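# Remarks on the overall topology
In case you want the letters, here they are:
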Amino acid sequence: MRDIRLIDRPFIPGTLIDPFTQANPGLGGVCTFVGEVRAEGGVEALELTHYEPLTLPGMNALADRACARFDLMGLLMVHRIGMIRPGEPIVCVSAAARHRRDAIDTVDFVMDHLKSAAWFWKREKRANGWHWIEPRAEDHADLARWKMPHPE
Amino acid sequence: MPVRVLFLGQLADLAGTGEISVPAPLDWDGLLRSVPAAVAERLPAETVKLACAGQVLADKISLCAMDGDEVALLPPVSGG
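Along each chain, numbering runs from 1 in the same order as the chain's sequence is written. Lettering of chains starts at A and numbering of ligands starts at 1, both following the order in which they are written. Selection of residues for local features in this predicted model requires a pLDDT of at least 70, selection of side-chain atom pairs for listing and counting requires 80 or more, and totals for whole chains, interfaces and linings are taken over all residues.

## Looking at the overall build of chain A
Every helix listed is a DSSP run of H or I at least four residues long, and every strand listed is a run of E at least two residues long, numbered separately from the N terminus. Helix and strand counts for chain A come out as 4 helices and 8 strands. Ordered by position in the sequence, the α and β elements of chain A form the string β-α-β-β-α-β-β-β-α-β-β-α. On C-alpha atoms alone, chain A measures out to a radius of gyration of 16 Å, which is about the 15 Å that the 2.2 N^0.38 rule sets for 152 residues. Projected onto its principal axes, the C-alpha positions of chain A cover 50 × 35 × 30 Å. Within chain A, the fraction of its 152 residues that count as buried is 30%. Here contacts are defined at the residue level, using C-beta atoms placed from the backbone and a cut-off of 7 Å between them. When contacts within chain A are restricted to residue pairs at least 6 apart in sequence, those whose partners lie at least 24 apart make up 75%. In this description the radius of gyration comes from C-alpha coordinates, and the expected globular size is given by 2.2 Å times residues to the power 0.38. To sort residues by exposure, count the other C-beta atoms lying within 10 Å of each residue's C-beta; 20 or more gives buried, 12 or fewer gives exposed, and values between give partly exposed, all with C-beta atoms placed from the backbone.

## Quick notes on the overall build of chain B
Of regular secondary structure, chain B possesses 3 helices and 7 strands. The order of α-helices and β-strands along chain B, N terminus first, is β-α-β-β-α-α-β-β-β-β. For 80 residues, the compact-globule estimate of 2.2 N^0.38 gives 12 Å, and the C-alpha radius of gyration of chain B, at 11 Å, lies within 12% of that figure. On the principal axes, the C-alpha backbone points of chain B span a range of 30 × 25 × 20 Å. In chain B, which comprises 80 residues, the proportion classed as buried is 31%. Considering only contacts within chain B whose residues lie at least 6 apart along the sequence, 54% involve residues at least 24 apart.

## Section: the environment of Val77 of chain B
Positionally, Val77 of chain B belongs in the segment after strand S7 (70-74). Val77 of chain B sits in the buried class, given 26 other C-beta atoms within 10 Å. Sequence separation between Val77 of chain B and Val48 of chain B is 29 residues; the distance between their C-alpha atoms is 9.1 Å. Discounting residues that sit within four places of it in the chain, Val77 of chain B has contacts with Ala118, Trp119, Phe120 and Trp121 of chain A.

## Comments concerning the interface of chain A and chain B
At the junction of the two partners, chain A supplies 20 residues and chain B supplies 14 residues. Contributing elements (two or more residues each) for the side of chain A that touches chain B: helix H2 (52-69), helix H3 (100-117), strand S7 (120-126) and strand S8 (129-133) of chain A. The element contributing the most residues to the side of chain A that touches chain B is H3 of chain A, with 4 residues. For the side of chain A that touches chain B, the per-class residue count stands at 13 nonpolar, 3 polar and 4 charged. Nonpolar residues are Ala, Val, Leu, Ile, Met, Phe, Trp, Tyr, Cys and Pro. Charged residues are Asp, Glu, Lys and Arg, and all others, Gly as well, are polar.

## Some details on the pairing of S7 of chain A
Residues and elements named next belong to chain A. Summarising the sheet, strand S3 (residues 45-50) and S7 pair through 6 bridges and their orientation is antiparallel. What sits directly across from Ala45, in S7, is Lys125. The sheet contact formed by S7 and S8 spans 5 bridges and is antiparallel. Bridge pairing in S8 places Glu124 opposite His131. Strands qualify as paired when DSSP identifies two bridges or more between them. What sits between S7 and S8 in their antiparallel hairpin is a turn of 2 residues.

## Structural notes on the confidence of the model for chain B
It should be kept in mind that the predicted coordinates are not to be read in detail where pLDDT is low. Of the residues in chain B, 100% have a pLDDT of 70 or more, and the chain-wide mean is 95. Here the predicted complex carries an ipTM of 0.91, next to a pTM of 0.91. Confidence of the prediction at every residue is given by pLDDT, a number between 0 and 100.

## Structural notes on the sheet that holds strand S1 (residues 2-7) of chain A
Residue and element names in this part refer to chain A. Spatial ordering of the open sheet is given by S1-S4-S6-S2, a layout of 4 strands whose pairing is mixed. With one partner strand each, in any of the chains shown, S1 and strand S2 (29-36) form the two edges of the open sheet. Taking the axes of each pair of neighbouring strands and ignoring which way they run, one obtains an average angle of 5° across the sheet. Strand direction decides the pairing type here: S2 and strand S6 (residues 89-97), joined by 8 bridges, are antiparallel. Looking at the pairing, Cys31 lines up with Ala95 of S6. With respect to the sheet, helix H1 (residues 13-22) is in contact with S1, S2, strand S4 (72-80) and S6, its orientation differing from that of S6 by roughly 15°. Under this scheme, a helix contributes an axis fitted over its contacting stretch, all axes are lines through C-alpha atoms, and angles between N-to-C directions fall in the 0 to 180 degree range.

## Some remarks on the nonpolar core
Within the largest apolar cluster, 52 residues are counted, with the highest numbers of intra-cluster contacts made by Leu76, Met77, Val93 and Ala95 of chain A together with Leu8, Val71 and Leu73 of chain B. With 7 residues, S6 of chain A is the largest single contributor of residues to this core. Setting aside residues up to four positions removed in sequence, Met77 of chain A forms contacts with Ile4, Met59, Ala63, Val93 and Val110 of chain A. Any nonpolar core is a set of buried residues, restricted to Ala, Val, Leu, Ile, Met, Phe, Trp, Tyr and Cys, that join up through C-beta atoms within 7 Å.

And the structure:
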């Protein structure tokens, strides 16, 4: 079961994860990551823009690569767009597999790619105005881990 | 139909608008002449990508947008 989408309003991760888990009977493990907007550094809001022709197709291509690389039963990848408040979920990735390692590694793989190589542009609103955000060096280093040779 | 040129992310701030309309056909030199100077300065950078009709161009200089095409100017992504 594959569910890849963009959402332009607040969502409750449990309402996505429960049906996703139910839709993969016989799974051996499910791993879920939920990212939220941090309430620190005086951030009042985060605005995420995307480009329709590239962003969702890019997420689907990432799902294809995850499915080719890991032994998966299902993959859920949901990303917020638009204006997001601190404390609200911004991303939810859940992987169902027969064995735990595939589920855990898939979520790690997908998150590293979403964090620095997905078609999103992000800016933060602080007291002194809007500031554009670029990936941190750590995000690029996290992504580079997956470029090493691996058996496929 | 003209070519629709879209400015994404911080390029929209530099352009002062989200999009402009430019007569077709539109090539790389024409694009540089059509966008505000602050944007034109950024376009040659390797980190700035160009999409035409929904496809990211491997070589920006080869841009050849026809009637009704959408050209998107894509600054470095912030990631999700």
